[in-house]
Amino acid sequence: MARSVHGQLDMGLNMKSEYLAAVRGIVRAHLRLWEVGDEASERMLIAVNELLTNVCQHTDPDQNGWQMVSLLVQRVPGGVTAIVSDRDARVPVQVVPAQLAENGRGWRLVRDLADDVSVSVTGAGKDVWVYVGETT
């Protein structure tokens, strides 16, 4: 299910990692439509991609191999916010990966790209919120 109104994109996703590029394309199109600057758009796209990748890698799939996730992206004064909600109550943790490790950098990358980040544990799992501001 997806709903798009001016300045807001709300998507309920049955997610698999092979769909990350398609979701990025949808988010990118909305950021362009909302006239979000290039730098803020790229930061938000990478952050959303990393958050959805974390869902794909760290949450248990349902019996069909899907990870249930919702994504809400909103244009707000001065920038963009995104909330990624999943059914796993474990909060992201920053690890120090080995120098040549292929994994383990996602949460740090999100924190470095976003101007603000928060995590809320809910009765259904967790919400991860990010804010990326635009430079003027």
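Quick caveat, the model's predicted, so the values are computed rather than measured. (Residues numbered from 1 in each chain as written. Predicted model: local features only at pLDDT ≥ 70, side-chain atom pairs only at ≥ 80, totals over all residues. Heavy atoms only, no water.)

Asks: Could you give an account of helix α2 (residues 38–58), with specific residues and numbers?
Replies: Helix length check: α2, at 21 residues, gives a terminal C-alpha distance of 30 Å against a target of 30 Å (1.5 Å per residue), a fit within 8%. Taking burial as the measure, the 21 residues of α2 include 15 buried ones, the bulk of the element. (Helix = DSSP H or I, 4+ residues; strand = E, 2+ residues; numbered from the N terminus. Expected span 1.5 Å × (residues − 1). Buried < 20%, exposed > 50% of the residue type's maximum accessible area, 1.4 Å probe, protein only.)

Asks: Residue-level account of the pattern of salt bridges, with values.
Replies: Taken as a whole and judged by the stated rule, the model has 8 salt bridges. Across the pair arginine 28 and glutamate 42 runs a salt bridge, and its minimum N-O distance is 2.8 Å. Taken together, the residues span a long stretch of sequence, with arginine 28 in helix α1 (residues 20–33) and glutamate 42 in helix α2 at a distance of 14 residues. Overall, glutamate 42 belongs to the partly exposed group, its relative accessible area being 36%. With a closest N to O distance of 2.9 Å, arginine 43 and aspartate 115 form a salt bridge. Residue arginine 43 is located in helix α2, and its partner aspartate 115 is located in the loop between α3 (106–113) and β5 (116–122); the two are separated by 72 residues in the primary sequence. On the basis of relative accessible area, arginine 43 is assigned to the buried category, the value being 13%. Residue aspartate 115 is classed as partly exposed on the basis of its relative accessible area of 48%. (Salt bridge = Lys/Arg side-chain N within 4 Å of Asp/Glu carboxyl O.)

Asks: Go over the sheet that holds strand β1 (residues 2–5) with me, naming the residues and quoting the values.
Replies: Judged by pairing direction, the sheet is antiparallel, and its 6 strands sit side by side in the order β1-β2-β3-β4-β6-β5 without closing on themselves. Looking at which strands have only one partner, the edges of the open sheet turn out to be β1 and β5. Ignoring which end each strand starts from, the neighbouring axes of this sheet average 15° apart. Two elements, strand β3 (residues 67–76) and strand β4 (residues 79–86), share 8 bridges in a ladder whose sense is antiparallel. Its bridge partner lying in β4, serine 70 is registered against serine 85. The sheet strands contacting α1 are β1, β2 (8–15), β3 and β4, and the helix crosses β2 at an angle near 175°. Against the sheet, α3 makes contact with β5 and β6 (125–133), and its axis sits at roughly 125° relative to β5, the strand it touches most. (Pairing = 2+ DSSP bridges. Axes fitted to C-alpha atoms, helices over the stretch in contact; angles between N-to-C directions. Contact = heavy atoms within 4.5 Å.)

Asks: Would you mind going over the environment of glutamate 39 in detail, with residue names and values included?
Replies: Within the secondary structure, glutamate 39 is located in helix α2. Note on glutamate 39: relative accessible area 39%, which makes it partly exposed. Sequence-wise, glutamate 39 and glutamate 134 are 95 residues apart; in three dimensions their C-alpha atoms are separated by 7.6 Å.

Asks: So, the confidence of the model for the chain: which residues are in play, and what are the values?
Replies: Caution applies to low-pLDDT parts of the model: their predicted coordinates are not meant to be read in detail. Considering every residue of the chain, the mean pLDDT works out to 89; 90% of them sit at 70 or more. Across the chain, the secondary-structure element scoring lowest on mean pLDDT is β1, at 84, and the one scoring highest is β4, at 97. (pLDDT = per-residue confidence, 0-100.)

Asks: Explain unusual backbone geometry residue by residue, including any values.
Replies: The residue glutamate 35 is not glycine, and still its phi comes out positive at about 60°. For glutamate 35, a relative accessible area of 67% puts it in the exposed group.

Asks: Report on the pairing of β2, specifying residues and quantitative values.
Replies: The pairing of β1 with β2 spans 4 bridges and is antiparallel. What sits directly across from valine 5, in β2, is glutamine 8. Following β1, the chain reverses through 2 residues before pairing antiparallel with β2; glycine 7 in that reversal takes a positive phi of roughly 80°. Two elements, β2 and β3, share 8 bridges in a ladder whose sense is antiparallel. Its bridge partner lying in β3, leucine 9 is registered against valine 73.

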